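In case you want the letters, here they are:
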Amino acid sequence: MIKLPMLKLLSFTLFLVLLTACTRNTQSSIDSLNAILDAEHAPDISEAHIRSLPYPAVLVTINDRKPILMVLTFVDAFGDQNSKHLTWYASDGGSITTENSRIIQTTGFNTNNLENLSGLQTTPPSPIKATSWQAIYDWSPHYRYHFSADITTQSIEDELITTFLWEQNTKHVTERVRFAGIGQTYRNEFWIAPATQTTKAFTVKSVQYIGPNMDKINMLMIRPYVETINTTSP
């Protein structure tokens, strides 16, 4: 199991207070965040640098290029089910937002950006729970809105994922994303740590495309965001 200390939402709240204070303090906080994130001037992102991070963080590889370090900066709750939107920020100002492990929005990509991924009748479900559902994709630039895709999910096998910080037993899940209207299909993959009595299931690794013939995004949660289950009796 993951041996990291679980990072509480309070840490994110304190961090966001720093980011949303007065303009001068906000800029100072952003500069500090960029200093944490900025590994682009080094040949590689060092193990020591990653171990020193105080926040949940992810290594992102776009189309097999050099890994980018991104830090969790916002946790927003939406809808009746209190679904969490997690926004991961890079030093160049780009960001990736996920919901239930799925990438639902990107900013700052050089070619295409995913403006929104939503469910036709529900929020995007967790890959570990879904069997089939219908998604709606919006992309920029240009007016490319409301592209419908049928998504079917299949559990492949249990798999142990290991990094220099932790190891975690996961469920390896694949999903087929089919755009019938434009005759395009691709596959996403997720490695998900199952829920426990005290924590919800969470993804430690994924390979996702933001759309047909668009960027492939590999995400490795080197410091995962782990949501705890409220076990307090009313």
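In the block above lies the structure referred to throughout.
Now for a quick tour of the structure. Worth saying up front: this structure is predicted, and the values here are computed from it rather than measured.

The rules behind these values
Residues numbered from 1 in each chain as written. Predicted model: local features only at pLDDT ≥ 70, side-chain atom pairs only at ≥ 80, totals over all residues. Heavy atoms only, no water. Phe/Tyr/Trp six-rings, centres within 6.5 Å; stacked < 30°, edge-to-face > 60°. Helix = DSSP H or I, 4+ residues; strand = E, 2+ residues; numbered from the N terminus. Buried < 20%, exposed > 50% of the residue type's maximum accessible area, 1.4 Å probe, protein only. Pairing = 2+ DSSP bridges. Axes fitted to C-alpha atoms, helices over the stretch in contact; angles between N-to-C directions. Salt bridge = Lys/Arg side-chain N within 4 Å of Asp/Glu carboxyl O.

## Some remarks on the packing of aromatic side chains
Okay, step 1: Inspection of the entire model under this criterion finds seven aromatic pairs.
Okay, step 2: Measuring from ring centre to ring centre gives 5.9 Å for tryptophan 139 and phenylalanine 179, while their planes differ by 45°; the resulting arrangement is tilted. In this pair, tryptophan 139 is assigned in strand β7 (residues 132–140) and phenylalanine 179 in strand β9 (residues 167–179), connecting sequence segments 40 residues apart. Like phenylalanine 179, tryptophan 139 is buried.

## Remarks on the pairing of strand β8 (residues 144–162)
Okay, step 1: Taken together, the seven bridges between β7 and β8 define a ladder with antiparallel strand orientation. Directly across from tyrosine 137, in β8, lies its bridge partner phenylalanine 147.
Okay, step 2: Between β7 and β8, which follow one another and run antiparallel, lie three residues, and histidine 142 among them has a positive phi close to 70°.
Okay, step 3: Relative to β9, β8 is paired through 12 bridges, and the arrangement is antiparallel. Residue isoleucine 161 lies in a different strand from β9, and its bridge partner there is glutamine 168.
Okay, step 4: Here β8 folds back onto β9, and the loop between the two strands holds four residues.

## Considering the sheet that holds β9
Okay, step 1: Read from one edge to the other, the open sheet built from 12 strands follows the order β5-β4-β3-β2-β1-β12-β11-β10-β9-β8-β7-β6, with strand pairing classed as antiparallel. Each edge of the open sheet carries a strand with a single partner, namely β5 (102–107) and β6 (113–119). Pairwise comparison of adjacent strand axes, ignoring direction, gives a mean angle of 30° for this sheet.

## Section: the pattern of salt bridges
Okay, step 1: In total, this model carries six salt bridges according to the counting rule given.
Okay, step 2: Between lysine 200 and glutamate 227 there is a salt bridge whose closest N-O contact spans 3.3 Å. Highlighted residues: lysine 200 in the loop between β10 (184–193) and β11 (202–209) and glutamate 227 in the segment after β12 (216–223), separated in sequence by 27 residues.
Okay, step 3: Among the residues examined, lysine 200 registers a relative accessible area of 38% and is labelled partly exposed.

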